[in-house]
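One-letter residues, chain by chain:
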Amino acid sequence: HVDPASGEVIDPRSGGQLLDAGAITRRVEAAGYTGIHDLELDEAVWDVEARDAAGQRVELRVHGFTGAI
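In this report, the structure presented in the accompanying data block is examined. (Residues numbered from 1 in each chain as written. Predicted model: local features only at pLDDT ≥ 70, side-chain atom pairs only at ≥ 80, totals over all residues. Heavy atoms only, no water.)

## Concerning the pattern of salt bridges
Then step 1. Under the definition given, this model contains 1 salt bridge.
Then step 2. Arginine 61 is the partner of aspartate 47 in a salt bridge, and the nearest nitrogen-oxygen pair spans 2.5 Å. Placement of aspartate 47 in strand 2 (residues 45-51) and of arginine 61 in strand 3 (residues 57-63) is noted, with a sequence separation of 14 residues between them. (Salt bridge = Lys/Arg side-chain N within 4 Å of Asp/Glu carboxyl O. Helix = DSSP H or I, 4+ residues; strand = E, 2+ residues; numbered from the N terminus.)

## Digging into helix 1 (residues 21-30)
Then step 1. When helix 1 is considered as a whole, its buried residues turn out to be Ala23, Ile24 and Val28. Angularly, the buried residues of helix 1 cover 130° about the axis, an arc narrow enough to put them on a single face. Exposed and facing more than 90 degrees away from the buried side of helix 1 are Arg26 and Ala30.
Then step 2. Elements that come into contact with the buried residues of helix 1 comprise strand 1 (34-42), strand 2 and strand 3.
Then step 3. Structurally, the start of helix 1 carries an N-cap: the backbone nitrogen of glycine 22 is 3.2 Å from a side-chain oxygen of aspartate 20.
Then step 4. At the C-terminal side of helix 1, glycine 32 shows a positive phi close to 100°. (Buried < 20%, exposed > 50% of the residue type's maximum accessible area, 1.4 Å probe, protein only. Arc of directions from axis to C-beta. Contact = heavy atoms within 4.5 Å. Polar contact = N/O pair within 3.5 Å; in protein donor to acceptor, adjacent residues only side chain to side chain.)

## Some words on the sheet that holds strand 1
Then step 1. Spatially, 3 strands are ordered 1-2-3 in an open sheet, and the strand pairing comes out antiparallel. The sheet is open, and its two borders are formed by strand 1 and strand 3, each paired with just one other strand. Shown here is a sheet whose adjacent strand axes are inclined to one another by a mean of 20°, direction ignored.
Then step 2. Of the pairings in the sheet, the one linking strand 1 to strand 2 comprises 5 bridges and is antiparallel in character. Among the inter-strand pairings, histidine 37 is bridged to a residue of strand 2, identified as glutamate 49.
Then step 3. Running over the sheet, helix 1 touches strand 1, strand 2 and strand 3 and is turned about 135° from strand 1. (Pairing = 2+ DSSP bridges. Axes fitted to C-alpha atoms, helices over the stretch in contact; angles between N-to-C directions.)

Structure, rendered in structure tokens:
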């Protein structure tokens, strides 16, 4: 996967510790999202469904190593 914002290549074979679903949920909540559900790990990127501050449904892609949204 390539992070569209930074251009970083996210490769699960590069080593490091992938964040688990609990850690991803905490990071997404800390960023102000609610109603977090349907977390799915796709190689080293988490796909997450949630609601933003306005209550709108959003689909997020979260870096599996850093938790960056």
